[in-house]
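Residues per chain are reported as follows:
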Amino acid sequence: TSNDLKTLLSRIDRRGYPAYKDTRGTYQFPGYVLSIDHVQGDPFAAPSKLSIHVDGRQAGFPQNLYRLSCQRIALQDELTRRFGHLAAQASFQAKGSGHSGLISISRCGQEVLERTACRLDPNTGKLVLRLEVGFPANGRTINARELEKILFDLLPRCVEQSLFYRNLNQARLQAVADLAEDQQYIRDMLPQMGLCAFVADGSVLPRASGVSSLPMKNAVPFHSPQELSVTLDLPHRGKITGMGIRRGVTLIVGGGYHGKSTLLKALELGVYNHIAGDGREYVITNESAVKIRSEDGRSIRRTDISMFINDLPNGKDTASFTTEDASGSTSQAANVVEALEAGTSLLLIDEDTSATNFMVRDELMQRVIHRDMEPITPFIDRVRELYEAHGISTILVAGSSGAYFHVADTILQMDRYVPRDITALAKQEASAFPVSAAPLSPAPLPSFDRRPAPSPEFRGDRIKLKSLGRDGVSINRETIDLRYVEQLRDGEQSAALGYAMVYAQQHLMDGRHTLRQIVAELETLLDEKGLESLCGGRSGVSFLARPRAQELFACFNRYQGLQL
Ligand code: ADP
Ligand code: MG
């Protein structure tokens, strides 16, 4: 019980730091169980891991708040925020060496993500919340009094006010669950309405600044052009009107600074749900959408990029292309092909971050440099084929070249931050510039049968896994660079990718399964056993957030240690 813990703490006070190890275990507090899952070895080591367990009846959340998994994830997110807010308010500070008294919990951004930080068991209603605490010390001497303040004073207050339904703002929780259900409803409706994205009228797309993802104040609210306006009837909010972007090829043009990239960015992040007040609550994109950009210098491993690149002057095989240092165009070609492997049905491309020679080749250049002399088949020559033969839509921002007018189904102009449908006008103008190039023969999709083999390094459990924030992870001292995987939002997602790489090496790779099968198995594991299952065997559960399958692929594909 908690009294045992109190006695234990007074016994080990002022002893050497390793005596803290004795605190490992579970303790019954009024209304919840505190579990000390992992104790750090010294004051400077990674902080200790704790979890709080509240059984279903005590927690008391009614099932209608978490019946759907989107509701459950939103509720978990809300409770994490609430707990974090209370802990921050308490602004507890213990003095001492190393991480003494440092309390950390997941920091949630604008997106609602599934996290190990908080889990509500869908069957029993049992609640688990995780946190890390730097166990306090002076030098290397235990300061148990400070830990006692945290565990017996601060934590009980935070738990009391954040994990029991009876003490929470119930209308607010209902609103959280309702929003999640409405967002899911839109996402589910997209395919049957023939849409790949929806942007509600009144949405606020721009952010406060380059470093803040809060909504911009006094922004021009989004307003749909009449031609693309659709109305949905949401289960809770009722009727909502906005722009439905139809499947096919959509081109976004407009003068510089008129809001093209801002719209595309919002669509990229529309694969996630956003919290109330964000401005993008009802910007919903097909969940398989992948942002494609050029990524100079990335590594490519045995990827079939021959639908875009052929007959390189150095004779390299582009049906199984490998490089440690890709060029702009080859990296962008690989990014497209890998997105297809990841099963995307929507590509999102911004000219600002594209390799020009991958996107277009102008008429004059085609006359001077014959097609036979050009290894690159630009994206413009494949974009219709991707849609017509494979059902993969593209939304493309291109303000500087009219070449895509010919191949687009819909052309939007951003005009002072408001979109206008200029399809008819642009098509008419384009007809005066006929395309001369002979049609290409279609390229079959690559076979996607890369079968990674397990690496001997992963036998046993001496694997060094280090999280490098949002931008990467390091596995056995090898860094996987995730900087340009733009739809990755959170350092905890990157951390989860690192764990997933290790898990796959240890459990799923046998040289017989394709990458697609391995990612499918990871997805099943995460669906059925939760994110925690990636941490098996390690000391306690780390803070992880769930990445999409598309980002799992992106990570595998940038991992040079993978034996392909
Ligand atoms: P483009 O890609 O067309 O050059 P951007 O999308 O980069 O333009 O937008 C240019 C600037 O306008 C950015 O600073 C952005 O924050 C701001 N902006 C975008 N949309 C809006 C809006 N709806 N209201 C006010 N400012 C906006
Ligand atoms: Mg731009």
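These numbers were taken from a predicted model, which means no experiment stands behind them.

The magnesium ion (ligand 2) binds to the protein through S261 (OG) and D352 (OD); the donor distances cover 2.1 to 2.2 Å. In this pair, S261 sits in helix 6 (residues 260-269) while D352 sits in the loop between strand 21 (346-350) and helix 8 (356-359), placing the two residues 91 residues apart along the sequence.

Across 2 bridges, strand 11 (residues 207-209) lies against strand 12 (residues 212-215) in antiparallel orientation. Residue S209 lies in a different strand from strand 12, and its bridge partner there is S212. What sits between strand 11 and strand 12 in their antiparallel hairpin is a turn of 2 residues.

We now examine the pattern of salt bridges. For the structure on display, the rule yields 37 salt bridges. Residues R293 and E486 are paired through a salt bridge, measuring 2.6 Å at the closest nitrogen-oxygen approach. Pair noted here: R293 is in the loop between strand 18 (290-292) and strand 19 (300-303) and E486 is in the loop between strand 27 (478-481) and helix 12 (491-508), with a separation of 193 residues, a long-range link. Taken as a pair, R293 and E486 share a single burial class, namely buried. Each of the salt bridges in this network shares a partner with another, and the network as a whole consists of R72, E114, E523, D527 and R546.

The end-to-end C-alpha separation of helix 12 is 24 Å, in line with the 26 Å expected for 18 residues at 1.5 Å each. Taking the backbone nitrogen of E492 as reference, a side-chain oxygen 2.7 Å away marks D490 as the first, capping residue of helix 12.

What follows deals with the site of ligand 1. In the vicinity of ligand 1 lie 13 residues, with V220, Y257, K260, S261 and T262 positioned nearest. Here H258 contributes a backbone N or O atom positioned 3.3 Å from an oxygen atom of ligand 1. Contact between ligand 1 and G259: an oxygen atom at 3.1 Å from a main-chain N or O atom of the residue. For ligand 1, whose accessible area on its own is 560 Å², the fraction buried by protein is 78%. For the shell around ligand 1, the class distribution of residues is 6 nonpolar, 6 polar and 1 charged.

Here the focus is the sheet that holds strand 24 (residues 418-421). Hydrogen bonding along the main chain pairs the strands of a sheet, whether they run parallel or antiparallel. Spatially, 6 strands are ordered 18-21-22-15-23-24 in an open sheet, and the strand pairing comes out mixed. The open sheet has two edge strands, strand 18 and strand 24, and neither has a second partner. Taking the axes of each pair of neighbouring strands and ignoring which way they run, one obtains an average angle of 25° across the sheet. Looking at chain direction, strand 21 and strand 22 (residues 393-397) are connected through 5 bridges and run parallel. Of the residues in strand 22, the one forming a bridge with L347 is T394. Its contacts with the sheet put helix 7 (residues 328-341) on strand 18 and strand 21, and the angle it makes with strand 18 is roughly 165°.

Summed over the entire model, instances satisfying the criterion amount to 8 aromatic pairs. Connected via pairs of aromatic rings, a cluster forms that spans Y17, Y20 and F135. A cation over an aromatic ring shows up here: R166 above the ring of F164, its NZ or CZ 4.7 Å from the ring centre. Looking at K316, its charged tip hangs above the ring of F321, at a distance of 5.0 Å from the centre.

The subject of this paragraph is the sheet that holds strand 27. Ordered by their spatial adjacency, 3 strands build an open sheet running 25-26-27, and the pairing between neighbours is antiparallel. Pairing within the sheet leaves two strands with one partner each, and these edge strands are strand 25 (465-467) and strand 27. On average, adjacent strands in this sheet sit at an angle of 20° to one another, irrespective of strand direction. Pairing between strand 25 and strand 26 (residues 472-475): 3 bridges, direction antiparallel. Within strand 26, the residue paired with L465 across the bridge is I475. Set on the sheet, helix 12 makes contact with strand 25, strand 26 and strand 27; between it and strand 26 the angle comes to about 30°.

Parameters at a glance
- Residues numbered from 1 in each chain as written.
- Chains lettered and ligands numbered in written order.
- Predicted model: local features only at pLDDT ≥ 70, side-chain atom pairs only at ≥ 80, totals over all residues.
- Heavy atoms only, no water.
- Donors = N, O, S within 2.8 Å, 3.2 Å for Na, K, Ca; no water.
- Helix = DSSP H or I, 4+ residues; strand = E, 2+ residues; numbered from the N terminus.
- Pairing = 2+ DSSP bridges.
- Salt bridge = Lys/Arg side-chain N within 4 Å of Asp/Glu carboxyl O.
- Buried < 20%, exposed > 50% of the residue type's maximum accessible area, 1.4 Å probe, protein only.
- Expected span 1.5 Å × (residues − 1).
- Polar contact = N/O pair within 3.5 Å; in protein donor to acceptor, adjacent residues only side chain to side chain.
- Near = heavy atom within 4 Å.
- Areas by Shrake-Rupley, 256 points an atom, 1.4 Å probe, with all protein chains shown as cover.
- Nonpolar A, V, L, I, M, F, W, Y, C, P; charged D, E, K, R; others polar.
- Axes fitted to C-alpha atoms, helices over the stretch in contact; angles between N-to-C directions.
- Contact = heavy atoms within 4.5 Å.
- Phe/Tyr/Trp six-rings, centres within 6.5 Å; stacked < 30°, edge-to-face > 60°.
- Lys NZ or Arg CZ within 6 Å of the ring centre and 35° of its normal.

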